[in-house]
Amino acid sequence: MSVVIVGSVAFDSIETPDRQVEKALGGSAVYASLAASYQSSVRLVGVVGEDFTQEYIDIIDRKNIDITGLEIVDGGKTFFWKGRYGSDPNERETLVTDLNVFENFQPVLPEEWKKSKWVFLANIDPGLQLDLLGQCENDPFVGCDTMNFWIEGKPKVLAKVLERVNVLFINDSEARQLSGETGLIMAAREILKMGPEIVVVKKGEHGAFLLTEDFLFITPAYPLENFLDPTGAGDTFAGGFFGCLAAAGDVKTKNLRRAMIYGTVLASFACENFSVENIRDLSLDTIKERFNRMVDFIRVDKEEI
Ligand code: AMP
């Protein structure tokens, strides 16, 4: 199954209490595409500037990721994001967001991609998400991720996007911000009223839950011994989840449960190194092994009555 993914392709500079990196490969679409590519083939839509390096293109341009939809703007500058983490990795401060080539970007869906059945709108300007949706011809199943930057900056357009979304991925503080509710289940219920039929709330090291009108699934995060940098974990989770669901081909609860654990496992790899270092070359066996260990961590028999 092919998944269209639109989102940011970025240079990221990151500060953690012990280390920092400058202009590493990042962006919501990059993390999501790499994560999804282990289960589905990916059709990437995005934009970079002339300053984007061939080394980074080579990381994205792989067997399961078609980059026909990645525009390179002559003389343009690539999206740049800088963030800082303190001792609590769940709390991040954005220091710089330079949209650069994204400011004038108009995504163009290649003709043969317009009939794609699975579309993931990774975190990016909701106006671009809406624009891309307008080019889809086959009533796709739509996943979407967003963040505080857009909830504050473009609430009206975001509301329009949400009306057309099947599954929304959002982190805990942003779920509260979007819904105005403090309790997370109540927040997710409010968000269900905005359009999505499935809401996945990501809670960083505290795991994630998925809510529909009549189904709830919760998972802890994978317990990491060597946590380094959470940047991109949310995008990796969403890409892994979406690729897994697209490969399954439907949204039966069995597949939703599996996608939640799959996303959790992929996100854990992302946190073990900076940038995409630990998710760019995973083997399926490595993923499966951690998936099975995760299932063992949380499995319990039901009480017999
Ligand atoms: P996450 O840690 O999952 O929230 O994702 C971090 C990634 O999102 C980084 O690689 C950034 O380049 C990218 N990012 C940060 N801010 C934005 C934004 N406003 N729009 C799109 N992508 C962003």
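Only a predicted model underlies this, so the values are computations on that prediction, with no experimental measurement involved.

Definitions and limits used
- Starting from 1, residues in each chain are numbered consecutively following that chain's sequence as written.
- At least 70 in pLDDT is required for a residue's local features to be given in this predicted model, at least 80 for side-chain atom pairs to be given and counted, and no such filter applies to totals for whole chains, interfaces and linings, which use all residues.
- Each side-chain value is worked out from all heavy atoms of the structure, with water and hydrogens disregarded.
- Here a strand is any run of E in DSSP of at least two residues, a helix any run of H or I of at least four, and the numbering for each starts at the N terminus.
- This radius of gyration counts C-alpha atoms alone. The globule rule is 2.2 Å times how many residues there are, raised to the power 0.38.
- Three exposure classes are used, based on accessible area relative to the maximum for each residue type with a 1.4 Å probe and protein chains only: buried under 20%, partly exposed in between, and exposed over 50%.
- Working rule for contacts: check all heavy atoms of both residues, and any pair within 4.5 Å makes them a contact.
- Each accessible area value is a Shrake-Rupley result obtained with a 1.4 Å probe; residue values ignore everything except the protein chains displayed when judging cover.
- By this definition, two strands are paired if DSSP reports at least two bridges between them.
- Here, patches come from residues exposed beyond 30% relative accessible area and free of salt bridges, joined within 9 Å for like charges and within 5 Å for nonpolar side chains (Val, Leu, Ile, Met, Phe, Trp, Tyr).
- Think of a salt bridge as a Lys or Arg side-chain nitrogen and an Asp or Glu carboxyl oxygen that are within 4 Å of each other.
- Neither His nor the chain ends is counted toward charge; the positive residues are Lys and Arg and the negative residues Asp and Glu.
- Just so you know, the charge point we use is NZ for Lys, CZ for Arg, CG for Asp and CD for Glu.
- Note on terminology: near, applied to a residue and a molecule or strand, indicates that one of the residue's heavy atoms is within 4 Å of it.
- A 3.5 Å cut-off defines polar contacts: any pair of N or O atoms within that distance qualifies, except that in protein one atom must be a possible hydrogen donor and the other a possible acceptor, and neighbouring residues in sequence count only when both atoms are side-chain atoms.
- The rule is simple: put a 1 Å grid over the protein atoms alone, call a set of points where a 1.4 Å probe fits but cannot get out a cavity, call an open set with protein on both sides within 12 Å along at least five of seven lines a pocket, and count a residue as lining if it has an atom within 4 Å of a point.
- Think of it this way: if more than half of a molecule's atoms are within 2 Å of a pocket's grid points, that molecule is in the pocket or cavity.
- Lys, Arg, Asp and Glu make up the charged group, whereas Ala, Val, Leu, Ile, Met, Phe, Trp, Tyr, Cys and Pro make up the nonpolar group; the residues left over, Gly among them, are polar.
- The angle between two axes is taken between their N-to-C directions and runs from 0 to 180 degrees, where each axis is a line fitted to C-alpha atoms and a helix contributes only its stretch in contact.
- By the definition adopted for this analysis, an angle is roughly parallel if under 35 degrees, roughly antiparallel if over 145, roughly perpendicular if from 65 to 115, and oblique otherwise.
- Helix crossings fall into two classes, left-handed where the near helix is turned counterclockwise from the far one by less than a right angle and right-handed where it is turned clockwise.

Draft legend 1. Expanded view of the overall build of the protein chain. Of regular secondary structure, the protein chain possesses 10 helices and 13 strands. Since a compact globule built from 305 residues should have a radius of gyration of about 19 Å, the 18 Å found for the protein chain is in line with a globular shape. Within the protein chain, the proportion of its 305 residues that are buried is 54%. Long-range contacts, defined here as pairs at least 24 residues apart, represent 64% of the contacts in the protein chain between residues at least 6 apart. Entry remark: accessible area of the protein chain is about 14,000 Å², with carbon and sulfur atoms responsible for 47%.

Draft legend 2. Spotlight on the pairing of strand 12 (residues 208–211). Here strand 12 shows two buried faces, one formed by Ala208 and Leu210 and the other by Phe209 and Leu211. Alignment of strand 12 against strand 13 (residues 216–219), held across 4 bridges, turns out to be antiparallel. Paired with Ala208 across the bridge in strand 13 is Thr219. Remark: 4 residues form the turn of the hairpin made by strand 12 and strand 13, two consecutive strands paired antiparallel.

Draft legend 3. Local environment of unusual backbone geometry. Of note, Lys23 is a non-glycine position whose phi angle comes to about 45 degrees, a positive value. Within the secondary structure layout, Lys23 lies in strand 3 (residues 20–26). A relative accessible area of 42% means that Lys23 is categorised as partly exposed. The backbone of Asn100 sits at a positive phi, close to 45 degrees, despite the residue not being glycine. Mapped onto the secondary structure, Asn100 falls in the loop between strand 7 (92–98) and strand 8 (118–121). For Asn100, a relative accessible area of 23% translates into the label partly exposed.

Draft legend 4. A negative patch on the surface, seen in detail. Where like charges cluster on the molecular surface, the negative patch consists of Glu55, Asp58, Asp61, Asp66 and Glu112. Assignment of secondary structure puts Glu55 in helix 2 (residues 54–60).

Draft legend 5. Structural context of the site of the ligand. Close contacts around the ligand come from 20 residues, with Asp12, Gly27, Arg92, Gly232 and Asp235 the closest. The separation between an oxygen atom of the ligand and a polar side-chain atom of Arg92 is 2.8 Å. At 3.5 Å, a backbone N or O of Asn123 approaches a nitrogen atom of the ligand. Protein contacts shield 94% of the accessible area of the ligand, which totals 500 Å² for the unbound molecule. A majority-of-atoms criterion places the ligand in the largest pocket. Elements supplying a minimum of two residues to the shell around the ligand: strand 2 (10–15), strand 6 (79–85), helix 4 (148–153) and helix 8 (233–248). Counting residues per element, the shell around the ligand draws most heavily on helix 8, at 3 residues. Class assignment for the residues of the shell around the ligand results in 10 nonpolar, 7 polar and 3 charged.

Draft legend 6. Representation of the sheet that holds strand 12 within the structure. Taken together, the 9 strands give an open sheet; going across it, the order is 5-4-1-8-9-10-11-12-13, and neighbouring strands pair in mixed fashion. Unpaired on one side and paired on the other, strand 5 (65–73) and strand 13 mark the two borders of the sheet. For this sheet, the mean inter-axis angle between neighbouring strands, taken without regard to orientation, is 15 degrees. For strand 10 (residues 167–171) and strand 11 (residues 198–202), the ladder comprises 5 bridges, and the chain directions are parallel. Paired with Phe169 across the strands is Val200, a residue of strand 11. The strands touched by helix 6 (residues 172–179) are strand 10 and strand 11; relative to strand 10, the strand with the most contacts, the crossing angle is about 110 degrees. Across the face of the sheet, helix 8 comes into contact with strand 1 (2–6), strand 8, strand 9 (141–145), strand 10, strand 11 and strand 12 while running at roughly 170 degrees to strand 9.

Draft legend 7. Region of the structure containing a nonpolar patch on the surface. Among the surface-exposed residues, Ile185, Leu216 and Ile218 lie close enough to one another that they form a single nonpolar patch of about 280 Å² accessible area. Note that Ile185 resides in helix 7 (residues 184–192).

Draft legend 8. Representation of the environment of Asn123 in the model. Relative to the elements of secondary structure, Asn123 occurs in the loop between strand 8 and helix 3 (126–134). Counting along the chain gives 27 residues from Asn123 to Trp150, while the straight-line C-alpha distance between them is 8.8 Å. In this structure, Asn123 is in contact with Gly7, Ser8, Ser28, Gln129, Asp145, Thr146, Met147, Trp150 and Asp235, ignoring residues within four places of it in sequence. Side-chain polar atoms of Asn123 contact the side chain of Trp150, separated by 3.2 Å.

Draft legend 9. Seen up close, the packing of helix 6 against helix 7. Where helix 6 meets helix 7, the axes come as close as 9 Å, and the angle between the chain directions of the two elements is 55 degrees. By the angle between their axes, helix 6 is oblique relative to helix 7. Read as a crossing pair, helix 6 and helix 7 show a hand that is left-handed. The segment helix 6 lies against helix 7, with Asp172, Ala175, Arg176, Leu178 and Ser179 engaging Leu184, Ala187, Glu190 and Ile191.

Don't take any of this as a statement about function, it's just geometry.
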